[in-house]
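Remarks on the overall topology
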Amino acid sequence: MVAFMLNGTDVDVDVPNESPLLYVLNFDLNDIGPKYGCGRSQCGSCTVLIDGDPVRSCDVSVSAAAGRSVTSLRGLREADGSPGPLQRAFIEEQAAQCGFCTSGAMLQAQALLDRNPNPSESEVRSGLNEILCRCGTHNRIIRAVLRAAEEA
């Protein structure tokens, strides 16, 4: 049994400790925000936050989350379920094409904005350089993060 907080809610899952966090989120907790991309911690589509730090959930066991706080894409919503500031900025900038990397990009961006609320474009590019977008919306993603920072 592994217990942790997911998007502000306590959860307990009866899974082997070595299960990838991504699988537990997707299949046991029905949180389909984080995506399986490369399975090697290289593309970033499975990114979630553990205690505010971005991690690749495909390469982290669920036991790493025990007793900690995990944030997925759902955790970026407002309390009423409407899109949060970063999500709204992604929508306004039309920063998703296929959307496969979007969850990971948003969580990586949220971690950046939590550390640096007013990043430069260069800092945003550097902060998101480990997120691979095959659709080519990188520039829109950068604009969305800068918009979210401006509107905060």
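Cut-offs applied
- Residues numbered from 1 in each chain as written.
- Predicted model: local features only at pLDDT ≥ 70, side-chain atom pairs only at ≥ 80, totals over all residues.
- Heavy atoms only, no water.
- Helix = DSSP H or I, 4+ residues; strand = E, 2+ residues; numbered from the N terminus.
- Rg over C-alpha atoms; globule rule 2.2 N^0.38 Å.
- Areas by Shrake-Rupley, 256 points an atom, 1.4 Å probe, with all protein chains shown as cover.
- Lys, Arg positive; Asp, Glu negative; His and termini not counted.
- Charge placed at Lys NZ, Arg CZ, Asp CG, Glu CD.
- Buried < 20%, exposed > 50% of the residue type's maximum accessible area, 1.4 Å probe, protein only.
- Contact = heavy atoms within 4.5 Å.
- Salt bridge = Lys/Arg side-chain N within 4 Å of Asp/Glu carboxyl O.
- Pairing = 2+ DSSP bridges.
- Axes fitted to C-alpha atoms, helices over the stretch in contact; angles between N-to-C directions.
- Parallel < 35°, antiparallel > 145°, perpendicular 65-115°, else oblique.
- Left-handed = near helix turned anticlockwise from the far one by under 90°.
- Nonpolar A, V, L, I, M, F, W, Y, C, P; charged D, E, K, R; others polar.

Per the secondary structure count, the chain includes five helices and five strands. Written out in order from the N terminus, the α and β elements of the chain read β-β-α-β-β-β-α-α-α-α. Radius of gyration (C-alpha) of the chain: 15 Å, near the 15 Å computed for a compact globule of 152 residues. Dimensions of the chain, computed from the C-alpha atoms along their principal axes, are close to 40 × 30 × 25 Å. For the chain, the exposed area adds up to about 7900 Å²; of that, 45% sits on carbon and sulfur atoms. Of the side chains in the chain, 13 bear a positive and 19 a negative charge, and the two mean positions are spaced by 8 Å.

Quick reminder: α-helices carry 3.6 residues per turn. Residues three or four places apart thus point the same way. Leu-21, Leu-22, Val-24, Leu-25 and Asn-26 are the residues of helix α1 (residues 21-28) that are buried. Tucked into the core, α1 has its buried residues touching β1 (2-6), β2 (9-13) and β3 (47-50). Phi turns positive, to about 55°, at Asn-30, one or two residues after α1.

This part takes up the environment of Arg-40. Looking at the secondary structure, you find Arg-40 in the loop between α1 and β3. Residue classification places Arg-40 among the exposed residues on the basis of a relative accessible area of 63%. Each C-alpha atom of the pair Arg-40 and Asp-12 lies 26 Å from the other, and the pair is 28 residues apart in sequence.

Counted by the stated rule, this structure contains eight salt bridges. With a closest N to O distance of 3.1 Å, Arg-56 and Glu-130 form a salt bridge. On the criterion of sequence distance, the pair formed by Arg-56 in strand β4 (residues 53-56) and Glu-130 in the loop between α4 (121-127) and α5 (138-151) is long-range, its members being 74 residues apart. The class of Arg-56 is buried, set by a relative accessible area of 8%. In this structure, the salt-bridge partner of Glu-93 is Arg-147, at a minimum N-O distance of 2.9 Å. Of this pair, Glu-93 sits in the loop between α2 (85-92) and α3 (102-115) while Arg-147 sits in helix α5, placing them 54 residues apart in sequence. For Glu-93, a relative accessible area of 15% puts it in the buried group. On the accessibility criterion, Arg-147 (24% relative accessible area) is partly exposed. One continuous salt-bridge network, built from bridges that share partners, spans Glu-92, Glu-93, Arg-143, Arg-147 and Glu-151.

Paired through backbone hydrogen bonds, the strands of a sheet run either parallel or antiparallel to each other. Read across the sheet, five strands follow the order β2-β1-β5-β3-β4 without closing on themselves; strand pairing throughout is mixed. Lying at the two open borders of the sheet, with one neighbouring strand each, are β2 and β4. Between one strand axis and the next, the sheet turns through 40° on average, direction left out of account. Sheet topology note: the β3/β4 ladder contains four bridges and is antiparallel.

Where α3 meets α5, the closest approach of the two axes is 11 Å, and the angle between their N-to-C directions is 40°. Here α3 is positioned oblique relative to α5, judged by the angle of their axes. Here α3 runs over α5; the crossing is right-handed. Between α3 and α5, the residues in contact are Ala-105, Ala-109, Leu-112 and Leu-113 and Ile-141, Val-145, Ala-148 and Ala-149, respectively. Here the contact of α3 with α5 is built from residues that sort into eight nonpolar, no polar and no charged.

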